[in-house]
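Summary of structural features
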Protein chains: 2
Amino acid sequence: MAVGLGAMPVMHPVKGFALGIASAGVKKAGRRDLVLMRCAEGSTVAGVFTQNAFCAAPVQLCKQRLGQPVRYLVTNTGNANAATGQPGLEAAQQVCQAVADSLGVALEQVLPFSTGVIGEPLPVGKITAALPAAIADLREDNWALAGEGIMTTDTLPKGASLQFEHEGETYSVTGISKGAGMIRPNMATMLGYVATDAKVAAPVLQALVKQAADLSFNRITIDGDTSTNDSFMLIATGQTGPAIEQAAGGLYQKLQEAVCAVAMQLAQAIVRDGEGATKFVTVQVEQGGNVQECLDVAYAVAHSPLIKTALFASDPNWGRIVAAVGYAGVPGLEQEKVNVFLNDVCIVRDGGRAVSYTEEQGAAVMQQAEILIRIQLGRGDCNETIWTTDLSHEYVRINAEYRT
Amino acid sequence: MAVGLGAMPVMHPVKGFALGIASAGVKKAGRRDLVLMRCAEGSTVAGVFTQNAFCAAPVQLCKQRLGQPVRYLVTNTGNANAATGQPGLEAAQQVCQAVADSLGVALEQVLPFSTGVIGEPLPVGKITAALPAAIADLREDNWALAGEGIMTTDTLPKGASLQFEHEGETYSVTGISKGAGMIRPNMATMLGYVATDAKVAAPVLQALVKQAADLSFNRITIDGDTSTNDSFMLIATGQTGPAIEQAAGGLYQKLQEAVCAVAMQLAQAIVRDGEGATKFVTVQVEQGGNVQECLDVAYAVAHSPLIKTALFASDPNWGRIVAAVGYAGVPGLEQEKVNVFLNDVCIVRDGGRAVSYTEEQGAAVMQQAEILIRIQLGRGDCNETIWTTDLSHEYVRINAEYRT
């Protein structure tokens, strides 16, 4: 039911970054559920991770290792290795150790990632048994299959890829993401990987991954449930061009633009493929006094089950929108200064139904698969935008049946 | 589909408090949708109201008038008179004026209440035309019908009634409530009225209504959507016993206990009749460092669509519970100190699956219609409890079809 999400685009290979896929049978036999990624020596790797206090074992290990030289990233689906305690940490270490031993690198040079059911023991043996196949499959032109290899309840793989030129060199920025439920990232989403062949100093790369996440993965929500495993990684293999030592200059600006654009496409792809989604909804809050109150209003609207079911029903029930604006907790909000638009149709003017508004206008917008809800608060000049989905019967069915 | 909610209990009349019901045809012809309540002269009236910034016109008028002597409360369903701007305020005034003129009291002695669709103009003429019938119907033994008269998407009327004795006198505390969706009260719920024949000074009554709301209506949530019209009123007609001038003494304590018990029953009845509810769920957070973090965890669990759909499916998917505990924003939460119980079954011990736990134990609890989710944070000795429901196909159907 993905909304406006087509086949994978052309995925430009990134020099110095190879991907290998295998079937370990973690949850289901025969499914591609293991993805190994190799970064060329000298790569820098940055990442942001969930702020969930129940963050998974692999997230805990990644946080410890980040900043050291990384050579491999190993990802399994079908099991989140979250809420698994000390045995979970040991299981993640065993997977990393198997990668390190097979490929002759140090344990600390391997980063683990997991996604799937929370609270089940990780089947380490199945994963290590499939490692040789993943290693044999390592290729730079393997992005599309890797996009499939990290899927769980996703209905389609998600990828984005851009190239830019600078002083005669061509640079690539390519990435994949996954996630369809338990999506309200609070640092990053449930697994996103973007690689570039540019050479970027580690602190610059870390600042860039944070900035890209804030503009993309940290601006989407499907069900308001922040995952235990959210990880967004940015890898720079250093194979092309001069070293970027500072967040400034023409090359940095082009790279920044490309990374943010790829991250944005990957984040929006997750929303488009949200569980049970029939609508892709942009919530834009304007004229706020500050960033936080804009986001508070946007998330109140995006998380309201009443608004989400009205979107599913294509019902322009704008009373539910103003109710959510009203309870978002904006101090001293004056309802008579609030305007609301559905796409270009003004439905609320000065806190009440716009005189020009007819139910037919609202209904026409709501029939569309992509809808913009624009809210003006009349308090300042701050704007924020987030993306979300509707709440459908299919969402309930998927999540009521997830483990059966 | 109400969970464990039976017929109205015996509703003890309250001396000095009469109720009259009529059909005004606000939204549907023939439906009882108008309730008039009369308080004896000398009554004190206290109330708490929604903190939604888009609070409805009647709520705005009630807030202005509270503290003055009140004689009548007039309630319509089928139209919330919210987000209606200045015309909405004028419409509410016109209804109050019609009551005042018909019954020979001042405009300021009438409090208006509305519930129903947001953003539609209030059909004043229909309401004033039905007023004579409501007036003719005013009786002290009319609580049960009044409970019906304030219903919207409720499937059953909700009432609670207690009597207590003090120094040879019998006191009654009787109340009704309504609400089934847009329920996450933030002061009080979408219409609750409790009356007593005790004589209570206005400041004491106002403190008591706040306390009762905090223990009851402010501890329930169905969909996390705070209504524009929430109002919880406490009326003391002063017909029985000595005046209570202070929040102390044996009589006050008995009254306080009865009011809080009635409010609690009314609040829980709203959850039991929650839209599409198939489960009545108590979320109890223990060992918190303070009230706020207990409530943050409890509401994170109660609002999680993933947990609510798992409850609907009777799936003991405890990973979703710990994920919600983890993202509730408790600073420095240590996952290895967290325990989770479903009723008496320990499912999570020290942050991971309890060794003693079997899926069969969890499944057996989840099959029940009333479920206790008990979470221990291992941080202190603060406990908080809230009540909520599951998220079913029926919830989506009701709210996708609400206006059709």
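Residues numbered from 1 in each chain as written. Chains lettered and ligands numbered in written order. Predicted model: local features only at pLDDT ≥ 70, side-chain atom pairs only at ≥ 80, totals over all residues. Heavy atoms only, no water.

1. So, the overall build of chain A
Along chain A, the regular secondary structure elements total eleven helices and 15 strands. The C-alpha radius of gyration computed for chain A amounts to 22 Å, which stays within 12% of the reference 22 Å derived for 404 residues, consistent with globular compactness. Expressed along its principal axes, the backbone C-alpha trace of chain A runs to roughly 70 × 55 × 35 Å. A buried classification covers 64% of the 404 residues belonging to chain A. Relative to all contacts within chain A whose residues are 6 or more apart in sequence, the contacts with residues 24 or more apart total 82%. (Helix = DSSP H or I, 4+ residues; strand = E, 2+ residues; numbered from the N terminus. Rg over C-alpha atoms; globule rule 2.2 N^0.38 Å. Buried < 20%, exposed > 50% of the residue type's maximum accessible area, 1.4 Å probe, protein only. Contact = heavy atoms within 4.5 Å.)

2. Some details on the packing of helix α8 (residues 305-312) of chain A against helix α11 (residues 393-400) of chain B
Look at α8 of chain A against α11 of chain B: their axes get within 8 Å of each other, and the N-to-C directions meet at 70°. One element, α8 of chain A, and the other, α11 of chain B, form an angle in the roughly perpendicular class. Residue-level contacts link Pro305, Leu306, Thr309, Ala310 and Phe312 of chain A of α8 of chain A to Tyr395, Val396, Asn399 and Ala400 of chain B of α11 of chain B. (Axes fitted to C-alpha atoms, helices over the stretch in contact; angles between N-to-C directions. Parallel < 35°, antiparallel > 145°, perpendicular 65-115°, else oblique.)

3. Observations regarding unusual backbone geometry
In the Ramachandran plot, Asn343 of chain A falls in the positive-phi region, its phi being about 50° despite a non-glycine side chain. When you line up the elements, Asn343 of chain A lands in the loop between β11 (339-342) and β12 (345-349). A positive phi angle, near 45°, is found at Asn81 of chain B, a position not held by glycine. Considering the arrangement of structural elements, one finds Asn81 of chain B in the loop between β4 (72-76) and α2 (85-103). On the basis of relative accessibility, which here comes to 0%, the residue Asn81 of chain B falls in the buried class.

4. Comments concerning the side chain of Ser392 of chain A
Among the secondary structure elements, Ser392 of chain A is positioned in the loop between β15 (382-389) and α11 (393-400). Relative accessible area serves as the criterion here: at 1%, Ser392 of chain A is assigned to the buried category. If sequence neighbours within four positions are ignored, Ser392 of chain A has contacts with Gly276, Thr278 and Phe312 of chain A together with Val396 of chain B.

5. Quick look at the UniProt feature "binding site: substrate" (unreviewed entry) in chain A
Residue and element names in this part refer to chain A. Using the residue numbers shown here, the UniProt feature "binding site: substrate" (unreviewed entry) corresponds to Thr152, Lys178, Thr189, Glu275, Asn399 and Thr404. Relative to the helices and strands, Thr152 resides in the loop between α4 (143-149) and β6 (158-166). Relative accessible area serves as the criterion here: at 19%, Thr152 is assigned to the buried category. Aside from chain neighbours lying at most four places away, what touches Thr152 is Arg31, Thr77, Gly78, Thr115, Gly116 and Lys178. Note that Lys178 resides in the loop between β7 (169-177) and β8 (192-200). Within the structure, the side chain of Lys178 is placed 3.0 Å from the side chain of Thr115, a separation counted as a polar contact. (UniProt positions renumbered as here; feature names shortened; annotations may be inferred. Polar contact = N/O pair within 3.5 Å; in protein donor to acceptor, adjacent residues only side chain to side chain.)

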